[in-house]
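# Summary of structural features
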Amino acid sequence: MNKILLIIKREYLTRIRNKTFILSTILTPLFFIALIGATAYFSNSNSEELHIGVYDESGLFTQKLKSNDNIRYTSVPQMIYDSFVMKNPVDPYNGVLHIPVIDVEKPSGIEYISDKQLGIFSQAQVNDDLNDVLEQERMIRANIDTVKLAAIKLNEISISQKIVGDDEDSKTANAAVSSAIGYISGFMIYFLMFIYGTMVMRGIMEEKVSRVAEVMVSSVKPFQLMMGKIIGIGAVGLTQFLIWIALAVVGSIIFGSSLSPQHMQQVAEAQQQAKGVAVANLMNDVTAQVNVPFLIGAFVFYFIFGYLFYASLFAAVGSAVNEDPQDAQAMMFPITIPIIFSIIVMTRAIGNPTGALAVWCSIIPFTSPIIMMARLPFGFPGTVAWWELTASVVCMIGGFLFTTWLSAKIYRTGILMYGKKASWKDMLQWVVRKS
Amino acid sequence: MHLLELKHIRKHFATQKAVDDISFSIETGSIFGLLGPNGAGKTTLLRIITGIFNPDEGEVLFEGRKFDPAKDVSLIGYMPEEKGLYKKMKVGEQALYFGQLKGLSYSEAAEKVRFWFNRLEMNTWWNKKVEDLSKGMHQKLQFIITVLHQPRLIILDEPFSGLDPVNANVIKDEIFRLAKEGSTIIFSTHRMEQVEEICDHIVLVNKGKKLLDGSVHEIKQEYKEHVYSIELGASSSLPVDTDIYEIISHKGSRYLFKMKESHSGNEVLDYLIRRNIPILSFNEVLPSLNDIFIKLVESTPASRQFETVS
């Protein structure tokens, strides 16, 4: 036992002291903050302001096209239109919209002439603006009172959800918030499992290639060496995660006090405009809506056991290959399939968290770390039933014990095998053979 | 007293019999040579002795009782042929780490590491990374790691490969000293001149089988071919017309001859003295281990390639 501790200590300390660890721990959150900030900034400040000249031969649109923040419409004489056609743009116009005499019921032939193409959003905007005017015109012709219609359309409904369950203080649920937390947790587990799983694999390959493995196994049991490495690297991952949690808490306290609510509102709007995740809103809703300590606890559990489950498999691969990184890639492939499959299932599980696919994939240990973390934000107990979570936890622990047993068998033999890489058949023999 | 006894050890891998019924024993405090061409099964045998592998059949006795890898591992120091250390780790830290893995406490390990670093003049290396060491320095560090915990049995697989003559001598002296202080040493190599110089007792294996077992002296006696060399006084020559011996070669007045069966050295001397031929020197030429090694290995059918030693 003492020897495992020594190995864990070495694996942990050499990595924690490494510059790469320190940099990645600090830079990853900064990167995400920068990403969110950048999307907010770019969607908020509209880079393109168009000034469009309207040459209206039909007379239907004159003075009716409403300018807005992005596009300004000005009526122009034929002269300017001609100039654009002759490839002579006229300032301050970006282009000219030519509206010939048209049939209101079947409009066609409207053109935009410019030396520069319209962006996809601007084009949609112009279409909308034209259609609005046309719609008004048609309503007038059909004798519909537009003022009345506007009054009728006012105050549309937006439903709010109330989830009732055994829990007494059932909360108002916001599907968007749950989805967002589900996505974030699922993806974080995915990245952590992948990054630290492959780190285990590379560490073992390095020990094998540098032949230090043979010196080690003359002092400790191969199983101790393998578990020491897996646990040591897992502790590094956990440390990194806890540092991020701490940074997030500190950050939200600092930002929460310094940012005015107005500012937050702006950011939130920008986010919604960008059709992205309403992170700022979410931050307000999260604490009100979900049980954060429970989720963090569940996250830590699924991270630890999901990691242990896959890291053992990665360890087996690392012990079975030699110097050639391509061999490692090929052998890693069957392990990465269920992880990638989890991500695909995750999007469906978030769309329908109580569906059969979501429920079963959150119990099977190959997919459960990601899928269960995607489902849990939708409510426990409730969306995720007691028996589901229990079954998932039990299967996860059982799965981890199984992969560790399996990998230890492969590792024990593989670590001392040099020369050609092991085939699947060889590895199966190592597992079946008695010690 | 035998420190280690191997009894009918067998180990089969999927495709080959790596070790096929090998038995031998090693005296406490002796330097034991395990010889054999590449692929003979030496490494497998060493891995069985160190407890890395379990034999399929047979047993290993350590000081008369059954060898228990979990407990006895701290009594053994193993330096594999393929030397390996953590490249990114500092020299001092690495030595401490391995010392602790062998069961030393931190302070014991630190004390021992300092002692050995002093001894082999490595004090200035403490904070160097292993990847910055030369091959010879690497080897010295590996040696220290092997013997740090004062093991009863030290197993050295090709300990001199990559060492310059000066450093090889330093290590050789340490090996002698450790043996004198009571450690038993298993020494595995292809370099026969080193074996003759260092080892008391040798075992030669090939293709998983034991070919030879005995002290260096005994073996040489056993494989001697009754060849003698003689140097005569100037302008004298060795008579050819005799049935006592047969001349193999000569250079000036130095002759190499093979004794014919059932004759002895005394008869030759007697024969020459009677003819009044002046003798400057006379001695028996024993075969080198190298010759015995090559002869035995080559006579094993379908022996695999191995490095010949110049």
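### Some remarks on the pattern of salt bridges
It is possible for side chains of opposite charge to pair when their charged atoms get near one another. The tally for this structure, following the rule as stated, stands at 26 salt bridges over all chains. With a shortest N-O distance of 2.9 Å, Asp213(B) and Lys210(B) are connected by a salt bridge. Taking the relative accessible area as the measure of exposure, Asp213(B) reaches 35% and is therefore partly exposed. A residue is classified by how much of its surface remains accessible, and Lys210(B), at 33% relative accessible area, is partly exposed. Three or more residues are tied together by salt bridges with common partners; here these are Arg10(A), Glu11(A), Arg15(A), Glu207(A) and Lys229(A).

### Topic: the sheet that holds strand S4 (residues 111–113) of chain A
All names here are of chain A. In spatial order, the strands read S2-S1-S3-S4; together these four strands make up an open sheet with mixed pairing. The open sheet has two edge strands with one neighbour each: strand S2 (71–75) and S4. Looking at each pair of strands side by side, their axes are set apart by 30° on average, direction ignored. Across five bridges, the pairing between strand S1 (residues 50–56) and S2 is parallel. Bridge pairing links Ile-52 to Tyr-73 in S2. Strands S1, S2 and strand S3 (95–99) of the sheet are contacted by helix H4 (residues 120–141), whose axis makes an angle of about 50° with S2.

### Quick notes on helix H3 (residues 91–101) of chain B
Most of H3(B) is tucked away, with 10 of its 11 residues classed as buried. Those residues of H3(B) not exposed but buried are Val91(B), Gly92(B), Gln94(B), Ala95(B), Leu96(B), Tyr97(B), Phe98(B), Gly99(B), Gln100(B) and Leu101(B). On its buried face, H3(B) is in contact with helix H1 (2–16) and helix H7 (212–217) of chain A together with helix H4 (106–119) and helix H5 (135–147) of chain B. Positive backbone phi, approximately 100°, marks Gly103(B), located one or two places after H3(B).

### A few points about empty space enclosed by the protein
Per the stated rule, a full pass over the model turns up three cavities of 30 Å³ or more. Taken as a whole, the largest cavity spans an internal volume of roughly 60 Å³. What lines the largest cavity is Val215(A), Ser218(A), Ser219(A), Tyr78(B), Phe98(B), Lys102(B), Gln142(B), Ile145(B) and Thr146(B). Broken down by element, the lining of the largest cavity gets its largest block of residues, three residues, from H5(B).

### Comments concerning the packing of aromatic side chains
Here the structure, examined in full by the defined rule, presents 30 aromatic pairs over all chains. Note on Tyr190(A) and Phe194(A): the rings are 5.5 Å apart at their centroids and 70° apart in plane angle, and the pair reads as edge-to-face. Of the two residues, Tyr190(A) and Phe194(A) are both situated in helix H6 (residues 175–209); the distance of four residues between them amounts to about one turn of the helix. For the pair formed by Tyr190(A) and Phe194(A), the shared burial category is buried. With a centroid separation of 5.8 Å and 80° between ring planes, the pair formed by Phe115(B) and Trp116(B) is classed as edge-to-face. Given a relative accessible area of 42%, Phe115(B) falls into the partly exposed group.

### Quick notes on the domain arrangement of chain B
Interface extent is often summarised as the accessible area lost during association of the parts. According to the domain assignment, chain B consists of domain 1 (2–221) and domain 2 (225–285). On a C-alpha basis, the centres of domain 1 of chain B and domain 2 of chain B stand 44 Å from each other.

### A word on the packing of helix H15 (residues 386–414) of chain A against helix H16 (residues 424–432) of chain A
All names here are of chain A. At a minimum axis distance of 8 Å, the contact between H15 and H16 shows a crossing angle of 110°. Accordingly, the angle class assigned to the pair H15 and H16 is roughly perpendicular. Note on element contacts: H16 touches H15 through Met-427, Trp-430 and Val-431, opposite Trp-405, Leu-406, Lys-409, Ile-410, Arg-412, Thr-413 and Gly-414. Tallied by class, the residues present in the contact of H15 with H16 amount to six nonpolar, two polar and two charged.

### What about the interface of chain B and chain A?
Listed per partner, the contact involves 21 residues of chain B and 19 residues of chain A. Summed over both sides, the interface of chain B with chain A buries roughly 2200 Å², with 61% coming from carbon and sulfur. Area buried by chain B at its contact with chain A is led by Tyr86(B), Tyr97(B) and Leu101(B), which between them contribute 28% of it. The tally of links from chain B across to chain A stands at two salt bridges. Its salt-bridge partner being Glu93(B), residue Arg17(A) comes within 3.8 Å of it at the nearest N-O pair.

### Details of the sheet that holds strand S5 (residues 65–66) of chain B
All names here are of chain B. Overall, antiparallel pairing links the four strands, which are arranged S2-S1-S4-S5 in an open sheet. Of all the strands in the sheet, the pair left with one neighbour each is strand S2 (17–27) and S5. Sheet topology places strand S4 (residues 57–62) next to S5; two bridges connect them, and they run antiparallel. Along S5, the bridge assignment pairs Phe-62 with Arg-65. Contacts from helix H1 (residues 42–49) reach strand S1 (2–12), S2 and S4 within the one sheet, and its direction differs from that of S1 by about 120°.

### Some words on the environment of Leu118(A)
Residue and element names in this part refer to chain A. Summarising the element assignment, Leu-118 is placed in the loop between S4 and H4. Look at Leu-118 and you get buried, because its relative accessible area is 15%. Distance from Leu-118 to Ser-24, taken between C-alpha atoms, is 40 Å for residues 94 residues apart in sequence.

### Some remarks on the side chain of Glu11(A)
Residues and elements named next belong to chain A. With respect to the helices and strands, the residue Glu-11 is situated in helix H1. On the basis of relative accessible area, Glu-11 is assigned to the buried category, the value being 1%. Of note is the side chain of Glu-11, whose polar atom sits 3.4 Å from the side chain of Arg-10. Dropping the residues within four chain positions of it, Glu-11 is found in contact with Glu-207, Gly-228, Lys-229 and Gly-232.

### Comments concerning the nonpolar core
In this structure, Phe98(B), Leu141(B) and Ile186(B) are the most contacted members of the largest nonpolar core, which totals 168 residues. The dominant element in this core, judged by the number of residues it contributes, is helix H11 (residues 292–320) of chain A, at 17 residues. What Ile186(B) contacts, discounting residues up to four positions off in sequence, is Leu4(B), Ile26(B), Phe32(B), Leu34(B), Leu46(B), Ile49(B), Leu153(B), Ile154(B), Ile155(B) and Leu156(B).

### Some thoughts on the environment of Pro222(A)
Assignment of secondary structure puts Pro222(A) in helix H8 (residues 222–258). Sequence separation of Pro222(A) and Asn143(A) is 79 residues, and the distance between their C-alpha atoms is 87 Å.

### Topic: a nonpolar patch on the surface
A cluster of nonpolar residues, Ile22(A), Leu23(A), Ile26(A), Leu27(A), Leu30(A) and Ile33(A), forms a patch on the protein surface that exposes about 570 Å² of accessible area. Topologically, Leu23(A) is positioned in helix H2 (residues 19–44).

### Here we look at the packing of H11(A) against H15(A)
All names here are of chain A. Close contact between H11 and H15 brings their axes to 7 Å; oriented N to C, the two are set at 25°. As summarised for this structure, H11 and H15 are arranged roughly parallel, according to the angle between their axes. In the packing of H11 onto H15, the handedness of the crossing is left-handed.

### Digging into unusual backbone geometry
All names here are of chain B. The backbone of Glu-63 sits at a positive phi, close to 50°, despite the residue not being glycine. In this structure, Glu-63 sits in the loop between S4 and S5. Under the relative-accessibility criterion, Glu-63 is labelled partly exposed at 26%. You will see that Asn-276, though not glycine, has its phi angle at about 60°, which is positive. Within the element layout of this structure, Asn-276 appears in the loop between helix H9 (265–274) and strand S14 (279–285). Its relative accessible area of 67% is what places Asn-276 among the exposed residues.

Criteria and cut-off values
- Residues numbered from 1 in each chain as written.
- Chains lettered and ligands numbered in written order.
- Predicted model: local features only at pLDDT ≥ 70, side-chain atom pairs only at ≥ 80, totals over all residues.
- Heavy atoms only, no water.
- Salt bridge = Lys/Arg side-chain N within 4 Å of Asp/Glu carboxyl O.
- Buried < 20%, exposed > 50% of the residue type's maximum accessible area, 1.4 Å probe, protein only.
- Pairing = 2+ DSSP bridges.
- Helix = DSSP H or I, 4+ residues; strand = E, 2+ residues; numbered from the N terminus.
- Axes fitted to C-alpha atoms, helices over the stretch in contact; angles between N-to-C directions.
- Contact = heavy atoms within 4.5 Å.
- 1 Å grid on protein atoms, 1.4 Å probe; cavity = no way out; pocket = protein on both sides within 12 Å on 5 of 7 lines; lining within 4 Å.
- Points joined across faces, edges and corners; volume = space filled by probe spheres on them.
- Phe/Tyr/Trp six-rings, centres within 6.5 Å; stacked < 30°, edge-to-face > 60°.
- Domains from an automatic or database assignment.
- Parallel < 35°, antiparallel > 145°, perpendicular 65-115°, else oblique.
- Nonpolar A, V, L, I, M, F, W, Y, C, P; charged D, E, K, R; others polar.
- Buried area = accessible area lost by both parts, 1.4 Å probe.
- Polar contact = N/O pair within 3.5 Å; in protein donor to acceptor, adjacent residues only side chain to side chain.
- Core = buried A, V, L, I, M, F, W, Y, C linked by side-chain atoms within 4.5 Å.
- Patch = residues over 30% accessible without salt bridge, like charges linked within 9 Å, V, L, I, M, F, W, Y side chains within 5 Å.
- Areas by Shrake-Rupley, 256 points an atom, 1.4 Å probe, with all protein chains shown as cover.
- Left-handed = near helix turned anticlockwise from the far one by under 90°.

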